[in-house]
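One letter stands for each residue in the lines below.
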Amino acid sequence: MSYSKEKVESILNNGISRRSFLKGLAASGVLTSLPGGILHANEDLNTKIPYLGQKNYQTFRNACPRNCYDTCSIKTYVKDGVMQFIEGATESTYTRGGCCVKGNSYVKRVYSARRLKFPMMQVGGKGSGNWKRISWDYAMETIAKKLLEMKKEDGTLLGAALTKYSGNFGITHYGVEGMFSSIGYTTRLAGTPCWPAGIDAQNLDMGDMWCNDPEEMKDSKFIILWGVNPASNSVHSMKYIYEAKSKGAKVVVIDPIFTEAASKASQYIQIKTGTDGLLALGMAKIIIEANLHDQKWLDANSKGYKEYKAYLDKEIKLENVSKITGIPLAMIKELALSFAKAKPATIWMGYGMQRHTNGGSMIRAIDALVAVSGNIGKYAGGARYGHLSTWGFNYAALSQTKPEGSVGYTGVSAIKGEFAKENGAKAAYTDRSLNINKTARELINAKEPKVRLLWVACKNVFSQDFDRNQLIRTFQQLDLVVVADQFFNETAKWADIVLPVATQFEEYDVNVSYWHYWLSLNEQAIKPLFEVKSDVEIAALLSKHMNKLEAGSCTFPQSVDTKAMMVKEFNPGIYEQFGIKSWEELKNGPVKAKAVIPYADGKFKTPSGKFEFYSDKALELFGNALPSYVEVRKPYDKFRMTSPHSRWSLHSQFQNLEWMEDVHPEPYVYINPDDAEAKMVKEGDTVAVFNKQGLLRVKAKITDNVQAGTVLMYEQWYNNNIYNVNELVDDTSSDMGAFKTGAPGVALHDTFVNFRKL
Amino acid sequence: MQTLQPQTTSRLDAIKYLRDIFNAQNSKELKKAFDALDSSIDISEEDLEVQFNRYFIGPMETVADPFASVYLDNPDVFMSKTTLHVRDLYETMGFTYSLKNVIPEDHLGVELDAYYQLLFLEEAKEITYLSDLRHYFLHEHLALWIPRFLERGLAQSEKDSPAMTFILMQLKSLLIRETTTTRSS
Amino acid sequence: MQKAFLVDGSICLGCNTCAMACKNQYHQDDGILWRKVREIGGEDYLIDNNNILPTLTSYQKAPKAQMPMERFYFSLACNHCENPACVAICPVGAHTKDPETGICKHDQTICIGCGGCVKACPFGASKFNTKMGQAEKCSMCWERQADGKTTACVQACPVGAIAIIDLHDPKYKEYANASPVGIDYAINAETHPSTRFILPHMPKEVYRQPKG
């Protein structure tokens, strides 16, 4: 190996050469890769990187695995083994070359100085802040020993619990659940706080949750964005909405808040919160009375239309609809009739809209409205909510067998989760399920056996679950809490062992979306930093240690290659659906599934095979066979608190990065001017927002974006700021969710608070 | 008899342990790093420290001062031209030094730290941006003064300290290995 | 040619993807943004955390617009003026105007950190980096453009609210306004900023719940 003495001397002695050299230091990854000794990396160097020209970079394919409609396909530019910058993949018409504000902060996230680097153990007890660095072997041996000890004492591993949710939706990350299956029957925090009410509703009506391709919206003639804010939470969808609008389509936003999407619509209608279902029923009635409904389609493809119509005739009075929704009757009529006349027309229902005690019933009502208008099964039509139709992978990482002789739960165990797979035969034993929406209490109340070990992955319990004070008590009572994560957060604070996890750029995976129809390969773009490991590598290491102590105690492979795991997920069905012959084709960019229009053939997976206005299942489970008006929860305090998702973060991810703090530094509570005036609160004042759950101190912004009687605070987690809306959220359940996901959702927007100036 | 030692520890680890020896803050750290080099020399922690101090630290006149400037500039002073040159080198390498003006940058322990970290980048992280600088540091600096330091130290240690001989021979082997596998162009 | 940003406030979501795409591309230090998404009616353009030095030139302010909070925006970086103040004042030639493209480039390897450009620019486009003791600003990703790509912000914008146009091209002659509305922006500045704006507007029909 040779080097150039002249080159070095030129760098040392020539000011411009030297400055140029120093400029490249950051780009080279030196600053973040030095192991550290007496000499430390100089952070004060110019850390800006130059653009060096396409051919000077290695590019890789990645995907954003976050819980987001848009699941971007990413192109990652790497130089000398260091990520330089990312772009969105141009091959995907959906991503169209650009990620969002969060995706563009990925380089900062991967190389953040505050990333978890090594396995650590909290030696002073949970919450003490006294951490000791431990080796991976020591960490996994400790956990393995505890698991085997518990199995010996209890005769089962039901005392081991897993809480894992949507931190990473890459398919191989179901290997975390697979890891738990591979040790025996265990306890799972199951269900979902997110969208179960709507899932149930769509399944009752149509036998599935299966939305049209969002890219079709550019050809819709009428789009209702109902309780959804894509301008904040699905930015890539907006271009299709804009295109439709520029071609003359009407875009109507119905929302209690004048959202970012509302500001770009043709028409904004502010509705009284929780009355959306009634509005939809009223609109259907108007359409039918004007004879603009699609009688032919309804005759051929629906069950129970007669009963539904009778219900509308008898029970839905338009004056009442107007009064309760707070919308003038003329406006409702105009909306209904123009919606019915436009062909095709579509409605996009947001997850926020169903986070009420009557959420499921509202989705049913809107599904029915779309059906009545004849837009189910039509290109650029549809009642849009989400889909899982491109998720037909092998789930090899997930599917691990229980070790022989495993003893499990014999009670009733209904809770699954929206991504759970149905098994064929019924086993004698099952895992024990606890409701993820009642984590704090269910963990501590579980008996025979008690829960003694908790593994947290792809989830931030303290940021996203409820009843914080009880969570602390619960965690403290558990023998061993293991948290696998990328950053130190409040959940890690109450852990015993913290395991540093790889980002998607440091591992292989494969990704699809629950909204669009693209498939993305996720390649390993860089070597894992420090000692981070992929969730599946962690599982393999656990298996190695468990089998070392007791042969056969864990069936998870004892060594894994994330690339091989990714390859194992593909099957002929996926290849057929996406029109490829091999996963390797994805190295050239993401591909789109062959176009299918849901329900175009009139076939529904309901018991009757038709669109069900009248659903026996709905009657059995939820007391109402028909889409009906159900009143929303009555207030228990002075103001409704609505806590929508922020554009700056994906739950507790991204806002903690310095780059994000530059564009969005702090949280606010948004208060209507009349409400503010009544309490003498001015712009910028610090107020206390409180209810029986807790209290938050936050700065106020005064705006009529929120209606009187409602305050708005975005759901986010900041660095060095105790702000967390879950302090105030009451974990009251929504009506539906138990049918398909085993437990109802949470009526997050039916939280009530009061506030006062501090 | 001075002979090249067979390589039992990895290239990076050998540098790391030698670094740790010369940066040890107490007898425990010194012994730990010494033992990591697998000398098979039986010596107590206290004896090791005593000998090490006599050779490299003080309080009496040392056998061999572990500072580059002593061999390259004036043998009676620290913090001279060479020190500043090394300081400049570290800055170009992207380092910051918290003991600036407290302990000279050209102390053997600090220089071994720099060399170790640069080699770590290349070997463990496959980052080659500073490779040229590492070679320059090796051939145009370390290779100039360390042999003289070794000569002075070994002349004494061969007579009265197997432990110090071992350390110095480890360093000598390291330097020979590094310089013979890389060349200036 | 005079390359210019065309900023469409009527479709801008205020999502800040553009600002972050720029950071993603160049990794500017904490607290420094070359492109900022300005809220109409929400803030003063010139009173900027990045600019600690006041401008020399006095200018006519734009009229403030009354728009709902946090709903309408203009994304602004450097305005690549036809008659740039930074180029005129720079004592060492770190600021240059490309004769072919009209892009105003800043070369940080030459910059001596005198702060002249920071004071002279009516728009605060030049940011002073106190850690490095130098100025820095958007150079319209000229290296990316030379490489056949577009600027990082234009590439990333999910709705195409920023585009690159050529002011000298007749098809853009009457295209859009030369000044944004509602932010404290040096309208009619002598430097002749090249950035052009499409103005935003509220939805045609807005219904809010009545009071009481």
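Cut-offs and rules
- Once a new chain begins, its residue numbering starts again from 1 and follows that chain's sequence as written.
- Think of it this way: whatever chain is written first is A, whatever ligand is written first is 1, and the rest follow in order.
- Owing to the predicted nature of the model, reporting of local features is limited to residues with pLDDT of at least 70; listing and counting of side-chain atom pairs is limited to 80 or more, with chain, interface and lining totals taken over all residues.
- Numbering of helices and strands starts at the N terminus; helices are DSSP runs of H or I of at least 4 residues and strands are runs of E of at least 2.
- Radius of gyration: over C-alpha atoms. The globule rule applied is 2.2 Å multiplied by the number of residues raised to the 0.38 power.
- Exposed residues have 12 or fewer other C-beta atoms within 10 Å of their own C-beta, buried residues have 20 or more, and partly exposed residues fall in between, where C-beta atoms are placed from the backbone.
- Any residue pair is listed as a contact if its two C-beta atoms, each placed from the backbone, are within 7 Å.
- A set of buried residues qualifies as a nonpolar core if it consists of Ala, Val, Leu, Ile, Met, Phe, Trp, Tyr and Cys joined through C-beta atoms within 7 Å.
- DSSP bridges decide pairing: two strands pair if at least two such bridges lie between them.
- Fitted lines through C-alpha atoms give the axes, limited to the stretch in contact for helices. The angle between two N-to-C directions lies from 0 to 180 degrees.
- Each residue is assigned to one class: nonpolar for Ala, Val, Leu, Ile, Met, Phe, Trp, Tyr, Cys and Pro, charged for Asp, Glu, Lys and Arg, and polar for all the others, Gly among them.
- What counts as a domain boundary in this text is fixed by an automatic or database domain assignment.
- Helix span, expected: 1.5 Å multiplied by one less than the number of residues in the helix.

**A closer look at the overall build of chain A**
Move 1: Counting its regular elements, chain A contains 26 helices and 29 strands.
Move 2: Taken against the 2.2 N^0.38 rule, which gives 27 Å for 758 residues, the C-alpha radius of gyration of chain A at 27 Å falls within 12% of a compact globule.
Move 3: Expressed as a percentage of its 758 residues, the buried residues of chain A come to 61%.
Move 4: Expressed as a percentage of contacts within chain A between residues at least 6 apart in sequence, the contacts between residues at least 24 apart total 74%.

**Digging into the nonpolar core**
Move 1: One finds M283, I366 and V711 of chain A to be the most contacted residues of the largest nonpolar core, which totals 351 residues.
Move 2: Residues in contact with M283 of chain A, not counting those within four places in the same chain, are I332, L335, A336, F339 and L369 of chain A.

**Thoughts on the sheet that holds strand β18 (residues 480-485) of chain A**
Residues and elements named next belong to chain A.
Move 1: Read across the sheet, 8 strands follow the order β7-β6-β19-β18-β17-β8-β9-β16 without closing on themselves; strand pairing throughout is mixed. Every other strand in the sheet has two partners, leaving β7 (131-133) and β16 (432-435) as the edge strands with one partner each. The average angle at which neighbouring strand axes cross in this sheet is 20 degrees, direction not considered.
Move 2: Of the strands in this sheet, β8 (160-164), β17 (453-457), β18 and β19 (497-500) are in contact with helix α5 (residues 136-154), which crosses β19 at around 130 degrees.

**Description of the interface of chain A and chain C**
Move 1: Tallying the contact residues gives 56 residues for chain A and 43 residues for chain C.
Move 2: Counting only elements with at least two residues in the side of chain A that touches chain C, the list comes to α2 (15-27), β5 (82-88), α9 (235-246), β12 (267-269) and α24 (658-663) of chain A.
Move 3: Considering every element that reaches the side of chain A that touches chain C, the biggest residue donor is α9 of chain A, with 5 residues.
Move 4: Looking at the side of chain A that touches chain C residue by residue, the classes come out as 23 nonpolar, 19 polar and 14 charged.
Move 5: By the bridge criterion, 3 bridges tie β12 of chain A to strand β10 (residues 205-207) of chain C in an arrangement that is parallel. For I269 of chain A, the partnering residue across the bridge sits in β10 of chain C and is Y207 of chain C.

**A closer look at the environment of P607 of chain A**
All names here are of chain A.
Move 1: Tracing the backbone shows P607 in the loop between β22 (591-592) and β23 (611-612).
Move 2: For P607, a count of 12 C-beta atoms within 10 Å gives the class exposed.
Move 3: Taking the C-alpha atoms as reference points, P607 and M206, 401 residues apart in sequence, are found 9.5 Å from one another.

**With respect to the domain arrangement of chain A**
All names here are of chain A.
Move 1: On domain assignment, one finds that chain A holds domain 1 (5-110), domain 2 (120-188 + 394-411 + 422-429 + 454-463 + 483-592), domain 3 (211-385) and domain 4 (639-757).
Move 2: Averaged C-alpha coordinates put domain 1 and domain 4 at centres separated by 35 Å.
Move 3: With 8 residues of domain 1 at the contact, the number on the domain 4 side is 11 residues.

**Here's the deal with the interface of chain B and chain A**
Move 1: Facing the 35 residues of chain B at the interface are 31 residues of chain A.
Move 2: Listed by contribution, the elements that provide at least two residues to the side of chain B that touches chain A are α1 (11-23), α5 (81-93), β1 (95-97), α6 (108-124), α7 (131-160) and β2 (183-184) of chain B.
Move 3: Taken together, the residues that form the side of chain B that touches chain A break down as 14 nonpolar, 13 polar and 8 charged.
Move 4: The sheet contact formed by strand β2 (residues 39-41) of chain A and β1 of chain B spans 3 bridges and is antiparallel. Looking across to β1 of chain B, one finds that A41 of chain A is bridged to F95 of chain B.

**So, the sheet that holds β5 of chain A**
The strands making up a sheet associate through hydrogen bonds between their backbones, and the pairing can be parallel or antiparallel.
Residues and elements named next belong to chain A.
Move 1: As summarised here, the arrangement of the 3 strands in space is β3-β4-β5, forming an open sheet in which the pairing is antiparallel. A single partner strand is all that each edge strand has here, and the edge strands are β3 (58-63) and β5. The mean inter-strand angle of the sheet, taken between neighbouring strand axes irrespective of direction, is 30 degrees.
Move 2: Pairing of strand β4 (residues 73-79) with β5 involves 6 bridges; the strand directions are antiparallel. In the sheet register, K75 faces β5, and the bridge partner there is E87.

**Quick word on the pairing of strand β24 (residues 639-642) of chain A**
Residue and element names in this part refer to chain A.
Move 1: Burial along β24 is two-sided: F639 and M641 and R640 and T642, pointing in opposite directions, are all buried.
Move 2: Bridge analysis of β24 against strand β29 (residues 751-757) gives 3 bridges, and the strand direction is antiparallel. Across the sheet, residue M641 finds its bridge partner in β29, namely T751.
Move 3: Judged from the 3 bridges that link them, β24 and strand β28 (residues 710-712) form a sheet pairing that is parallel. Each bridged residue has a counterpart across the sheet, and for T642 the counterpart in β28 is L712.

**What to know about the pairing of β18 of chain A**
Residues and elements named next belong to chain A.
Move 1: β18 sits mainly inside the fold: 5 of its 6 residues count as buried.
Move 2: Alignment of β17 against β18, held across 5 bridges, turns out to be parallel. Within β18, the residue paired with W455 across the bridge is V482.
Move 3: Both β18 and β19 contribute to a ladder of 4 bridges, which runs parallel. For D485, the partnering residue across the bridge sits in β19 and is P500.

**Some thoughts on helix α20 (residues 535-549) of chain A**
Residue and element names in this part refer to chain A.
Move 1: Here α20 spans 21 Å end to end across 15 residues, near enough to the 21 Å set by a 1.5 Å rise per residue.
Move 2: Extensive coverage of α20 is indicated by the burial of 11 of its 15 residues.
Move 3: Looking at α20, one finds that the buried residues are D535, V536, E537, I538, A539, A540, L541, L542, S543, H545 and M546.
Move 4: At its buried positions, α20 is contacted by α5, α6 (175-181), β17, β18, β19 and α21 (562-567).

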